[in-house]
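Close look at the chain arrangement
For reference, the chains in residue letters:
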Amino acid sequence: MTEVVVKDAEVLHLLKTFDTDKAVGPDKVSPRLLPTCADLLAPPLTKSKQQSKQQSKQQSKQQSKQQNKQHSKQQSKQHSKQQSKQQSEQQSKQQSKQQSEQQSKQHSKQQSKQQSKQQSEQQSEQQSEQHSKQHSKQQSEQQSKQHSKQQSEQQSEQHSKQQSKQHSKQQSKQQSKQQSEQHSKQQSKQQSKQQSKQQSKQHSKQQSKQQSKQQSKQQSKQQSKQHSKQQSKQQSKQQSKQHSKQQSKQQSKQQSKQQSKQQSKQQSKQQSKQQSKQQSKQQSKQQSKQQSEQQSKQQSKQQSKQQSKQQSKQQSKQQSKQQSKQHSKQQSKQQSKQQSKQQSKQQSKQQSELFATIEKATPDNNWVQ
């Protein structure tokens, strides 16, 4: 914007070319006085106009300064807000990283526990299977031994019986031939003895048969019990295996859904090889993070202290500037008031002098009205 300069010549030209036929204004000054007193009224009018322009310029400058200050304050506030947001985002990122690391640790621990449990279960199953096999072998060996012993005993008894029968027959024949005529009484005795022997043999045979039957029954019972126990064990094992398989499938599905593909790949590759390395790295990372956090906290504290100091200094400076501005404004107002009073006094004096000169120059005083 180009500055408009008010000059005395222009004001004089305007006052001299003023239309005298216009009505009287609120100041009740006749329009006929302006062209006649143009030489005296031009300089004070130009000065007042220039002062009003200067005052308007100063006011506009002050307003622009205040706006600039407000803008700078707003920018500083926005900058501080952005810094706080960035710090909060960084803290949230760090917290999320720590949480993810903790979750991965917990998951690895759970997986290791599950693996150890599965291994222990497999070992226990293998041991139980081996034990059952050994037990079955021992039982089969014992049964075969008992069966072989019983067979051998039965064969020996039958052989002894046959031999005794044959020997007794031969002896009886010989004795009957030799003593048939001489000892009839002895034959009767022998016959009674033989009968008693036969009875005892029959009795012993019956007892042996009963014992063999009882043993066979007991063996069959034991075998049936063992077979039922083995079947129950196998069924329980199969059920436990199926149950464990179902649980493992469900857990694997849930884990696969919850975990991302990258974590599953990394964990599957690095579980067995890098557990110790990861622990050491994680410890070092945690220490470094804690140190960085502490350093960041200290830096943030120092920055906040510095900012508070700078803000207090700026506020004190602004307050001192405002006070000085207010003081200068008050002084300028007082000076302008004094100047305006002096100018008004001078103008009133000049007007009174003009009126006096006009009254002296004109014999009739009614033309002013």
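Along every chain, residues carry numbers that run from 1 in the direction the sequence is written. Note on the predicted model: pLDDT of at least 70 is required for a residue's local features to be given, and 80 or more for side-chain atom pairs to be given and counted; whole-chain, interface and lining totals, by contrast, use all residues. Think of the side-chain values as coming from all heavy atoms in the structure, minus any hydrogens and water.

Okay, the overall build of the chain next. In this text, helices come from DSSP runs of H or I with a minimum length of four residues, and strands from runs of E with a minimum of two, each type numbered from the N-terminal end. A count of helical and extended segments in the chain gives 6 helices and 0 strands. Its helices and strands in sequence order give the chain the pattern α-α-α-α-α-α, from N to C terminus. When its C-alpha atoms are laid out on the principal axes, the chain stretches across 225 × 45 × 30 Å. Only protein chains enter the accessibility calculation, which uses a 1.4 Å probe. A residue is then buried if its area is under 20% of the maximum for its type, exposed if over 50%, and partly exposed in between. Within the chain, the fraction of its 369 residues that count as buried is 7%. Considering only contacts in the chain between residues 6 or more positions apart, those separated by 24 or more positions represent 71%. The distance from the centre of the 73 positive side-chain charges to the centre of the 20 negative ones in the chain is 26 Å. Working rule for contacts: check all heavy atoms of both residues, and any pair within 4.5 Å makes them a contact. Only four residue types enter the tally: Lys and Arg on the positive side, Asp and Glu on the negative side; His and the chain ends are excluded. Charge positions are represented by NZ for Lys, CZ for Arg, CG for Asp and CD for Glu.

Let us now look at the side chain of Thr 46. Summarising the element assignment, Thr 46 is placed in helix α3 (residues 38-179). Under the rule applied, a polar contact is a pair of N or O atoms within 3.5 Å (in protein, one hydrogen donor and one hydrogen acceptor; residues adjacent in sequence only if both atoms are side-chain atoms). In this structure the side chain of Thr 46 is engaged in a polar contact, spanning 2.7 Å, whose partner is the side chain of Asp 8.

To continue, consider a positive patch on the surface. Residues enter a patch when their relative accessible area is above 30% and they make no salt bridge; the linking distance is 9 Å between like charges and 5 Å between nonpolar side chains (Val, Leu, Ile, Met, Phe, Trp, Tyr). Here the open area of atoms and residues is found with the Shrake-Rupley method and a 1.4 Å probe, where only the protein chains shown may cover a residue. Within this document, salt bridges are pairs made up of a side-chain nitrogen of Lys or Arg and a carboxyl oxygen of Asp or Glu, the two lying within 4 Å of each other. Together, Lys 61, Lys 65, Lys 297, Lys 301, Lys 305, Lys 309, Lys 313, Lys 317 and Lys 321 make up a region of like positive charge exposed at the surface. Listing elements by their share of the positive patch, those giving two or more residues are α3 and α6 (275-361). With 7 residues, α6 is the largest single contributor of residues to the positive patch. Among the structural elements, Lys 321 can be located in helix α6.

On to the environment of Asp 21, then. With respect to the helices, strands and loops of the structure, Asp 21 is situated in the loop between α1 (8-16) and α2 (33-36). As for Asp 21 and Pro 31, which are separated by 10 residues in sequence, their C-alpha atoms are 7.4 Å apart.

Note that side chains of opposite charge can pair when their charged atoms are close. If you walk through the whole model with that rule in mind, you get 1 salt bridge. With a shortest N-O distance of 3.1 Å, Glu 101 and Lys 289 are connected by a salt bridge. Within this pair, whereas Glu 101 is found in helix α3, its partner Lys 289 is found in helix α6, the two being separated by 188 residues in sequence. Residue Glu 101 shares its accessibility class with Lys 289, and that shared class is buried.

The tendency in soluble globular proteins is for nonpolar side chains to be buried side by side. In terms of nonpolar packing, the biggest core is built from 9 residues, these being Val 6, Val 11, Leu 15, Leu 33, Cys 37, Ala 38, Leu 41, Ala 42 and Leu 354. Of all elements in the fold, only α1 and α3 reach the threshold of two or more residues within this core. Dropping the residues within four chain positions of it, Leu 41 is found in contact with Leu 15 and Leu 34. Here, nonpolar core refers to any group of buried Ala, Val, Leu, Ile, Met, Phe, Trp, Tyr and Cys residues whose side-chain atoms link them within 4.5 Å.

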